[in-house]
Amino acid sequence: MAEVAYGVATSHTPSIGAAIDNDREEEPYWAPLFEGYEAGRKWMADAEPDVIILAYNDHASAFDLDLIPTFALGVADHFPIADEGYGPRPIPSVEGHSELAWHLAENLILDGFDMTICNHMPVDHGLTVPLSIMYGKPDRWPAKVIPLAVNVIQYPPPTGKRCWDLGQAIRRIVHDFDEDLKVAVFGTGGMSHQLQGERAGWVNTPFDKAFLDRLVDDPESLTRISHIELLSDAGSEGIELVMWLIMRGALGRNVREVHRHYHVPASNTAAGLMILESEEHSAFL
Ligand code: DHB
Ligand code: FE
């Protein structure tokens, strides 16, 4: 039987990926951020999930404003690294888990989540930077990855509550998959940041720290934050934080906090990393 055992939430700031690719992790600007990733990488090497269901947002790489799926699931065996304008990142391409992905697609749709099914999907920094944060620079990614792209680019994005419900459904559906697999769910993006307009550069550390606390102890309260509140408190791109609720919803009620790291700035963002283990033995809440 498969189970969602682990949750990871992390920012995906593209320059973090560039710092890793160009061996700049020890430079004074980057060192305080990467020091906080060390414990996460050690944990990841021990945890060894077989599959990562990775909730992220595409940044006009696989989709653009011609086509805006709210939730898109990658069911392929292989996902190429997107060229985001400066050539694809020099990292291994991503291997999928087609069987589990189709099991998720079928059961999520039958459960009322109208997923877009993607047979071909180049993956951009939204997905690859979190992998680099957790694994460094391996020759191949140690886990298979099922990309779950969430629209947080074009209004209206899904609500935090919808993302939470999707996470809970993922927990149940993974549990029904008839193969022994340890699954991690990643929620990526955030934390507070705004890349545009008069408030470009906006970071809200008290909001972020409270969000981290509540993600562990009172996640359902986060599902009641409206889009307007999230935009106002976390910035226009801080809306990416709704994806963290997919991860948290997939872990069940009881979790153990393994690691937390928060650092400002990473480029224009407040960077957060939180690792949780599920202590819930039921597939249901
Ligand atoms: C930055 C952050 C993002 O989340 C993103 O998608 C692109 C750029 C930044 O801080 O530079
Ligand atoms: Fe982003």
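One structure accompanies this document, and this report is about it. (Residues numbered from 1 in each chain as written. Chains lettered and ligands numbered in written order. Predicted model: local features only at pLDDT ≥ 70, side-chain atom pairs only at ≥ 80, totals over all residues. Heavy atoms only, no water.)

1. A short note on the overall build of the chain
Right, on to step 1. For the chain, the helix and strand inventory stands at nine helices and ten strands.
Right, on to step 2. Relative to the compact-globule value of 19 Å for 285 residues, the chain shows a C-alpha radius of gyration of 17 Å, a close match.
Right, on to step 3. Along the three orthogonal principal directions, the C-alpha set of the chain runs to about 45 × 40 × 40 Å.
Right, on to step 4. The proportion of buried residues among the 285 residues of the chain is 59%.
Right, on to step 5. Contacts in the chain between residues at least 24 apart in sequence constitute 81% of all its contacts with a sequence separation of at least 6.
Right, on to step 6. Entry remark: accessible area of the chain is about 11900 Å², with carbon and sulfur atoms responsible for 49%.
Right, on to step 7. For the chain, the separation between the mean place of its 20 positive charges and that of its 43 negative charges on side chains is 5 Å. (Helix = DSSP H or I, 4+ residues; strand = E, 2+ residues; numbered from the N terminus. Rg over C-alpha atoms; globule rule 2.2 N^0.38 Å. Buried < 20%, exposed > 50% of the residue type's maximum accessible area, 1.4 Å probe, protein only. Contact = heavy atoms within 4.5 Å. Areas by Shrake-Rupley, 256 points an atom, 1.4 Å probe, with all protein chains shown as cover. Lys, Arg positive; Asp, Glu negative; His and termini not counted. Charge placed at Lys NZ, Arg CZ, Asp CG, Glu CD.)

2. Focus: the packing of helix α2 (residues 31-47) against helix α4 (residues 125-135)
When two helices pack together, their arrangement is given by the angle between the helix axes and the distance between those axes.
Right, on to step 1. Packing of α2 against α4 brings their axes to within 7 Å, and their N-to-C directions diverge by 85°. Relative to α4, the element α2 is oriented roughly perpendicular. Contact residues: Tyr37, Gly40, Arg41, Trp43 and Met44 in α2; Ser132, Ile133, Met134 and Tyr135 in α4.
Right, on to step 2. Along the lines of polarity and charge, the residues of the contact of α2 with α4 split into six nonpolar, two polar and one charged. (Axes fitted to C-alpha atoms, helices over the stretch in contact; angles between N-to-C directions. Parallel < 35°, antiparallel > 145°, perpendicular 65-115°, else oblique. Nonpolar A, V, L, I, M, F, W, Y, C, P; charged D, E, K, R; others polar.)

3. Description of the coordination of the iron ion (ligand 2)
Right, on to step 1. At the metal site, the iron ion (ligand 2) is ligated by His12 (NE2), His59 (NE2) and Glu240 (OE), and these contacts range over 2.1 to 2.4 Å.
Right, on to step 2. Written as a sequence motif, the donor residues of the iron ion (ligand 2) are H-x46-H-x180-E. Linking histidine 12 in the loop between β1 (3-10) and α1 (14-21) with histidine 59 in the loop between β2 (51-56) and β3 (71-74), this pair joins segments that are 47 residues apart in sequence. (Donors = N, O, S within 2.8 Å, 3.2 Å for Na, K, Ca; no water.)

4. Details of the pattern of salt bridges
Right, on to step 1. Overall, the coordinates contain nine salt bridges when judged by the stated rule.
Right, on to step 2. Linking aspartate 23 and lysine 137 is a salt bridge whose minimum nitrogen-to-oxygen distance equals 2.9 Å. Taken together, the positions of aspartate 23 in the loop between α1 and α2 and lysine 137 in the loop between α4 and β7 (144-150) put the pair 114 residues apart, joining distant regions of the chain.
Right, on to step 3. Glutamate 25 is paired through a salt bridge with arginine 41; the nearest N and O atoms lie 3.2 Å apart. (Salt bridge = Lys/Arg side-chain N within 4 Å of Asp/Glu carboxyl O.)

5. Some remarks on the sheet that holds strand β9 (residues 255-266)
Right, on to step 1. One open sheet accounts for eight strands, arranged β6-β3-β7-β2-β8-β1-β10-β9; its pairing is mixed. Only two strands of the sheet have a single neighbouring strand rather than two, namely β6 (116-118) and β9. For this sheet the average axis-to-axis angle between neighbouring strands, irrespective of direction, equals 20°.
Right, on to step 2. Relative to β2, α4 is tilted by about 130°, and along the sheet it contacts β1, β2, β7, β8 (182-188) and β10 (269-278). (Pairing = 2+ DSSP bridges.)

6. As for the packing of α1 against α2
Right, on to step 1. As a packed pair, α1 and α2 sit with axes 13 Å apart at the nearest point and diverge in direction by 80°. Judged on the interaxial angle alone, α2 and α1 are roughly perpendicular. Contacts between α1 and α2 pair Ile16, Ala19 and Ile20 from the former with Leu33, Phe34, Tyr37 and Arg41 from the latter.
Right, on to step 2. Of the residues belonging to the contact of α1 with α2, the class tally is six nonpolar, no polar and one charged.

7. Examining the site of ligand 1
Right, on to step 1. Taken together, His12, Thr13, Pro14, His59, His125, His193, Leu195, Glu240, Ser267, Asn268 and Thr269 make up the full set of residues near ligand 1.
Right, on to step 2. Within the side chain of histidine 125, one N or O atom sits 2.8 Å away from an oxygen atom of ligand 1.
Right, on to step 3. In the model, an oxygen atom of ligand 1 is placed 2.6 Å from a nitrogen or oxygen of the serine 267 side chain.
Right, on to step 4. For ligand 1, whose accessible area on its own is 290 Å², the fraction buried by protein is 86%. (Near = heavy atom within 4 Å. Polar contact = N/O pair within 3.5 Å; in protein donor to acceptor, adjacent residues only side chain to side chain.)

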